[in-house]
Amino acid sequence: MKKTTPLVLGIDAGGTMTDTILVDKQGNFAVGKAPTTPNYESEGFIESAQDATNIWNLDINKTFEELEVALYSGTGMLNTLLSRTGKRIGLIVTRGMEDAVLMGRGLQSWAGYSYEDRLHAVTHAHPDPLVPLSRVRGVTERIDHFGQVVIPAYEHEAVSGVKELLEQDIEGLCVCCMYSHVNPEHELQIGEAARRVFAEQDIDIPIYLSHHVRPIIREQSRLNSTLIEAYATSQGREQLLGVETAAKQHGFSNSMQTMLSYGGLADVRYPRLHETMISGPVGGLLGARHVGELVGADSVIVSDMGGTSFDIGAITRGKVPIEDEPTLARFKLNLPTLAMDTIGAGGGTIVKVDPYTHKVSLGPESAGSVPGPVAMDMGGTEPTIADCDAIMGRLNPDNFLGGKVQLNVDKAKQVLKEKVADPLGVDVYEAAEGMVNMLEMEAKSSIESIISSRGVDPGEYHLMAYGGSGPLHMAEYSRGLGFKGVLSFPFAAAFSAFGCTTADYLHRHSQSVHIMTGPDSSDKDREEARRQINEIWSELDSQARSELISEGHETDAIVCEPFAMMRYTGQLEDVEVAAPVTKLESDEDLDKLTQAFEDLYEQINRSVSGYGTAGFTIMELGLNARVEKVKPELSRRPLGSKNPDPEAAKGKRSMYYNRAWHEAQLWEMDMLKPGNVLEGPAIVEHPATTLVIPAGDRVRVDEWTILHYEHGEDTQNSVGNVL
Amino acid sequence: MASYDKEIIRDLIDGTLPWQSTKSIMSQYKDDDRFFKYIDILQERVKFNDQILLPIGEHLYIVAKKSEPQGERVVKCGCGHEFGHYTNNWKLNAVINVRDEEEEIAEIYPGRHSYDPDWMEIREFICPGCATLLEVEAAAPGYPIVFDFLPYLETFYRDWLGTELPAEPR
C-alpha cells in the first residue's frame, strides 16, 4: 500500500470512457477508468474515481475529504448540441437579420471535413440551425459601428415579437442586436420589454443577451455563442451539479471545478458554461507548459496522437496563442480557445485503397474504440494503423492496454493482405510499414506547416510527444525536423488529463474596441485613448473580481492581468499583448504598451520588420483574472546508471523496421530510472502506450524521468520509404 | 470495400436517406456492386420488362429489347415508350415545346428573371407516351438539338463493371 495524500482529482468524461487521474504532491499519479454513463454522469464519475483510488488502496471517502481540487469535464453539453436535444429557444434580432441563423457562415458548411470533402461542394451542407426561422423575430433598431443610435429600438415590435414567441412555448429567449458589443443599449431595452411581457403573463424563463455572453465584434459568432449557451448548457449544468453532489456525499468539501476552453478552471456554477465545451486538447498544452517550466523549456511544440486524431500546438516563450473564433459542432463561436491544429491521424485511422486507381489513403475515418482495429477482434473489418503496428511486431499482442485486450495479429494480417497488400501487389509487411510511414509523414507535414506558418524556428523548440499512439510513431514524425530536443513521458497516454490538473482558476473577460494611436496622434487623442483603455480595464477588473469572489476565492489571491489585442494599423491579425502596467497613468505608459506590442511582434515574426509608422490599433481589451492553484510536481531524482535494472528487461521480440526484421530489446517503461540510456532497436512497453526505438536511435531518461528521444546521425529515414 | 443494403440504395435514389448517411457514402470510395443494385431497383420501378443497360436520365433508360429484334439497344421512357436506337438522339422523337415568346417565358421566369428570346430559347422534351417532361435544354435560336450523351456501353461494362455486355444483333 502506498502512503500518499492525493491532491488533485481530474476527470475527463469522454464519449465512451470516463478517465480519472489522481495526482499527489510529488507528481505520482493513478489513472482510473470506467464506462461513461451519459444520463447520470455522476455514476460513471464515482466509479472511475473508485477505480483510481483502488490503485493506491485508498478509501474513496477519505480521498474525497482530503482532496483540495476536483475537476470534471464532461461531454453532456456537446452531446445535447450534436443530438439537437436542447432547449426550445426563441430569438430576437435586428430586423432584417432574421435569416442569419439559416445563412450561417459559409465555412460552417464544410467545417471538420477532410480535404477531399472540402473540395467537393456536393458534400457541403449547413448544420441544422438551433432555432427554426419560425421562432425568430426582428425588431426595428439600429446602432452604428461607433455605438450611436441611428434608429431607436421599436419597443412595440419587441413586445409583439416576444408574445408571438411565447405562444410557441419557448423555454429561453436570446437577443442579439447588431453592434451590441459597442453599445448594448438596445439589447438591454429589448430584454427589459421581454421581462415586462413575462411578468404580465407570469412566465419565468431565462433571457440571454449577446453582449452579456461576450461583447466581441462579429455578429454571427456572437449569435452562435448566445444560442449555444441558451440551447445546450442547462442540462449540462444539471449533470455537473449532480457530479458535485455525488462528490460531496463522499466527503468532498469544496466546489467542483470544470475546464474552460482557454485553460482555466471555473466553478460549475459559472454563468457562461458554453466556454467549457471545447476543452479536449487544452490539457496537453497546459501540461506541456507546466513540464516545460520545470525542465527549462519555454518554447514547445506539442503533439498528441491518440486513436482518432493528431493534435499539434505551439507554446512560444511560455505563451500559448489564443484562437478567438473556434468551430464547435460546425458552428463558428466567439470564444477564446487555446489554439491547436488537428488532423485525422491516429492508431485507429482506417487505411483505404481505391479499387480502380489503387491510390492509398488514410482516414480521416477512425475505427474508434468500437468496433476498433481488426486485431482487437471486436467486429472491426477495415485495416487500421494499429493493425499495421501489430503486424510489424511493434505492438505486443499479449500486453495491449496492459494485457486487457489480446490482439489477433493473424486476423489483422489476413485483412491487410486482402484489402491493401494484394491490390497493391506488395508484401504484407511492406504494406504495413508503408501505411504507417504515410501516417507519420502526414503528422510530420502538419508539424512542418505549424513551423512555417507561425514563423517558428524549430531549433529553439522542444517537441513533446504524447497520447496513446504518440511514442509509437514519434521516431519518424519528429525525424529531421531539427528540434532542440524531443521528449516523451512514461505517462504519455494520460498526459492531457495530467495537464488539466496543472490549470489555475482563470477567467478571461474582454471587450471589443477600436482604438488607434500613431505617430501623428495629438496629445489629446492619446489622452482619450488612455482614458478609454483604463476605463474598460477597470470595469473588467471589478467584474472579474466579483465573479471569482462569488466562487469563494479570497480577494487577495486574485491577480488580474490586463491585455490588449493589438496590430499595426491596416493589418488583419492581432497579437495578444500583456499590459506592462495595470493602468496607463501617463503618456509614457501608452508608449510602454505599444513598445510591448512591438517587442512581441518581433519575437513572433523574427524575419519580418515592425512597421510602427503605420500606427497601432487595439481591437480588443481584456484581462485574465487568475487565482493560483496547487500543482503537482514531477519528482527529481539523481542520475544513476546508464544500464537499466535487469528487472526492466522483458526479453526480445522481432520488429519490422526499414523493410527488415530486427531483434528488438524489450523494456518495461515503469521500471526505467533516471540516467538509463536505451539503444535501438528497442521497444519500451507500458500498459497504455508503446515507445519504439529503431536501430541507430536512442532514448535517454533524465532526472525527471522524462524520456529524451535522440535520433542517430545517419540513420535511414524510414519515412522516405513511403510506397 | 464498402457495400450497402439494397434498402439504403433505394433511399439514396429517393432522396430519403438521412444527410449524415448520404454524406458518409459520398465520402467513401464507390461501392463495388452499386451499379447492379441501382439497376435492380430501377428495373422494379419501370413499366417494361426489357433489361436496363444504363440509365441516361431521370426517366430514360438504354435497354436491351426483349421483343424483336431481340437484344437491340434502344432508349425507353419509364412508361415503356420507345425512342429508337441509342446511337440516335432520342430527343428527335420526343414532343418538343419551345419557349421563345415573352408570355411563355414569363410562366417560368417572370419579370426581371426573363431572358431575351432573340438570344436564347428553352426547349422542353416531353414523352409522347406519358407526357412526362424528360429533359430541358437552353440554346441559341437555330442551334441544332443537342445530343446529350452517347456512351461507350461495351467499354463501360468490360472495363468498369468487369462483365461482358451481351452482343447486339446486327
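Residues numbered from 1 in each chain as written. Chains lettered and ligands numbered in written order. Predicted model: local features only at pLDDT ≥ 70, side-chain atom pairs only at ≥ 80, totals over all residues.

Caption draft 1: The overall build of chain B, seen in detail. Counting its secondary structure elements, chain B contains five helices and seven strands. Counting only C-alpha atoms, chain B reaches 50 × 50 × 30 Å along its principal axes. The buried share among the 170 residues of chain B stands at 13%. (Helix = DSSP H or I, 4+ residues; strand = E, 2+ residues; numbered from the N terminus. Buried ≥ 20, exposed ≤ 12 C-beta atoms within 10 Å, placed from the backbone.)

Caption draft 2: Molecular detail of the overall build of chain A. Assigned secondary structure in chain A consists of 17 helices and 34 strands. Over its C-alpha trace chain A gives a radius of gyration of 27 Å, about what one expects of a compact globule, namely 27 Å for 723 residues. Structurally, chain A occupies a C-alpha span of about 80 × 60 × 60 Å along its principal axes. Put simply, 66% of the contacts in chain A that link residues at least 6 apart link residues at least 24 apart. (Rg over C-alpha atoms; globule rule 2.2 N^0.38 Å. Contact = placed C-beta atoms within 7 Å.)

Caption draft 3: Spatial organisation of the environment of E238 of chain A. Residue and element names in this part refer to chain A. Positionally, E238 belongs in helix α9 (residues 219-249). Judged by local crowding, E238 falls into the exposed class, with 12 C-beta atoms found within 10 Å. Taking C-alpha positions, E238 is 9.4 Å from V268, a pair spaced 30 residues apart along the chain.

Caption draft 4: Up close: the pairing of strand β22 (residues 462-466) of chain A. Residue and element names in this part refer to chain A. The buried fraction of β22 is high, at five of five residues. Neither face of β22 is left uncovered, since the one carrying H462, M464 and Y466 and the one carrying L463 and A465 both have all their residues buried. For strand β13 (residues 300-305) and β22, the ladder comprises five bridges, and the chain directions are parallel. Opposite D304, over in β22, you have Y466 as the bridge partner. Pairing analysis gives three bridges linking β22 to strand β23 (residues 485-488), with the strands arranged parallel. (Pairing = 2+ DSSP bridges.)

Caption draft 5: Focus on the domain arrangement of chain A. Residues and elements named next belong to chain A. Parsing chain A into structural domains produces domain 1 (6-80 + 236-258), domain 2 (86-235), domain 3 (282-345 + 439-494), domain 4 (353-436), domain 5 (504-627) and domain 6 (646-721). Between the C-alpha centres of domain 4 and domain 6 the distance comes to 22 Å. Broken down by class, the residue content of the side of domain 4 that touches domain 6 amounts to four nonpolar, four polar and three charged. (Domains from an automatic or database assignment. Nonpolar A, V, L, I, M, F, W, Y, C, P; charged D, E, K, R; others polar.)

Caption draft 6: Just the interface of chain B and chain A, in detail. In this complex, chain B contributes seven residues to the contact, which on the side of chain A involves eight residues. The residue inventory of the side of chain B that touches chain A, partitioned by class, reads four nonpolar, one polar and two charged.

Caption draft 7: Representation of the sheet that holds strand β2 (residues 60-64) of chain B. Residue and element names in this part refer to chain B. On the basis of which strands lie adjacent, the open sheet formed by four strands has the order β1-β2-β3-β4 and antiparallel pairing. Looking at the sheet topology across the chains shown, the edges are occupied by β1 (51-55) and β4 (82-85). On average, each strand axis in the sheet is inclined to that of its neighbour by 35°, with strand direction left out of account. Pairing analysis gives four bridges linking β1 to β2, with the strands arranged antiparallel. Paired with Q51 across the two strands is A64, which belongs to β2. (Axes fitted to C-alpha atoms, helices over the stretch in contact; angles between N-to-C directions.)

Caption draft 8: Highlighting unusual backbone geometry. Cis peptide bonds are those with omega within 30 degrees of zero, and the linkage from G680 of chain A to P681 of chain A qualifies with 0°. Its location among the elements puts P681 of chain A in the loop between β30 (677-679) and β31 (682-686). At the junction of E68 of chain B and P69 of chain B, the peptide bond is cis and its omega measures out at -10° in the coordinates. With respect to the helices and strands, P69 of chain B occurs in the loop between β2 and β3 (73-77). Positive phi, normally seen in glycine, also occurs at Y179 of chain A, with a value near 55°. Among the residues examined, Y179 of chain A registers 22 C-beta atoms within 10 Å and is labelled buried. Positive phi outside glycine occurs at D377 of chain A, with the angle close to 60°. Inspection of the secondary structure assignment puts D377 of chain A in the loop between β21 (360-366) and α11 (385-391).

Caption draft 9: Representation of the sheet that holds strand β5 (residues 95-99) of chain B in the model. Residue and element names in this part refer to chain B. Ordered in space as β5-β6-β7, the three strands form an open sheet in which the pairing is antiparallel. Of all strands in the sheet, those bounded by a partner on one side alone are β5 and β7 (133-139). When strand polarity is set aside, the average angle formed by the axes of neighbouring strands in this sheet is 20°. In the sheet, strand β6 (residues 121-126) pairs with β7 via six bridges, with the strands oriented antiparallel. Within the sheet, the bridge partner assigned to R123 lies in β7 and is E137.

Caption draft 10: Looking closely at helix α10 (residues 282-295) of chain A. Residue and element names in this part refer to chain A. The terminal C-alpha atoms of α10, which comprises 14 residues, lie 20 Å apart, in line with the 20 Å expected from a rise of 1.5 Å per residue. The elements touched by buried residues of α10 are β11 (257-259), β13, β14 (310-315), β18 (337-338), β22 and α15 (495-500). Following α10 by one or two positions, G296 has its phi on the positive side, about 80°. (Expected span 1.5 Å × (residues − 1).)

Caption draft 11: Local environment of the packing of helix α1 (residues 41-55) of chain A against α9 of chain A. Residues and elements named next belong to chain A. Taken N-terminus to C-terminus, the directions of α1 and α9 make an angle of 40°; their axes are 8 Å apart at the nearest point. By the angle between their axes, α1 is oblique relative to α9. For the pair α1 and α9, the sense of crossing is right-handed. Taking contact as the criterion, the partners of E41, S42, F45 and I46 in α1 are, on α9, Q239, G242, V243 and A246. A class-by-class count of the residues in the contact of α1 with α9 yields four nonpolar, three polar and one charged. (Parallel < 35°, antiparallel > 145°, perpendicular 65-115°, else oblique. Left-handed = near helix turned anticlockwise from the far one by under 90°.)

Caption draft 12: The packing of helix α6 (residues 155-167) of chain A against helix α7 (residues 185-201) of chain A, seen in detail. All names here are of chain A. Relative orientation of the contacting elements α6 and α7 amounts to 50°, with a least axis distance of 9 Å. Compared by their axis directions, α6 and α7 come out oblique. The chirality of how α6 crosses α7 is right-handed. In this structure, α6 uses E155, A158, V159, V162, K163 and L166 to contact α7, whose residues at the interface are Q189, I190, A193, A194, V197 and Q201. Grouping the amino acids of the contact of α6 with α7 by side-chain chemistry returns eight nonpolar, two polar and two charged.

Caption draft 13: Representation of the environment of G162 of chain B. By the secondary structure assignment, G162 of chain B is in the segment after α5 (153-160). C-alpha separation for the pair G162 of chain B and K47 of chain B, spaced 115 residues apart in sequence, amounts to 28 Å.

Caption draft 14: View of the confidence of the model for chain A. Here chain A averages 89 in pLDDT, and 97% of its residues register 70 or above. Segment residues 715-723 of chain A is flagged for pLDDT under 50; beyond a separation of four residues in sequence, or across chains, it makes 29 contacts in the model. (pLDDT = per-residue confidence, 0-100.)

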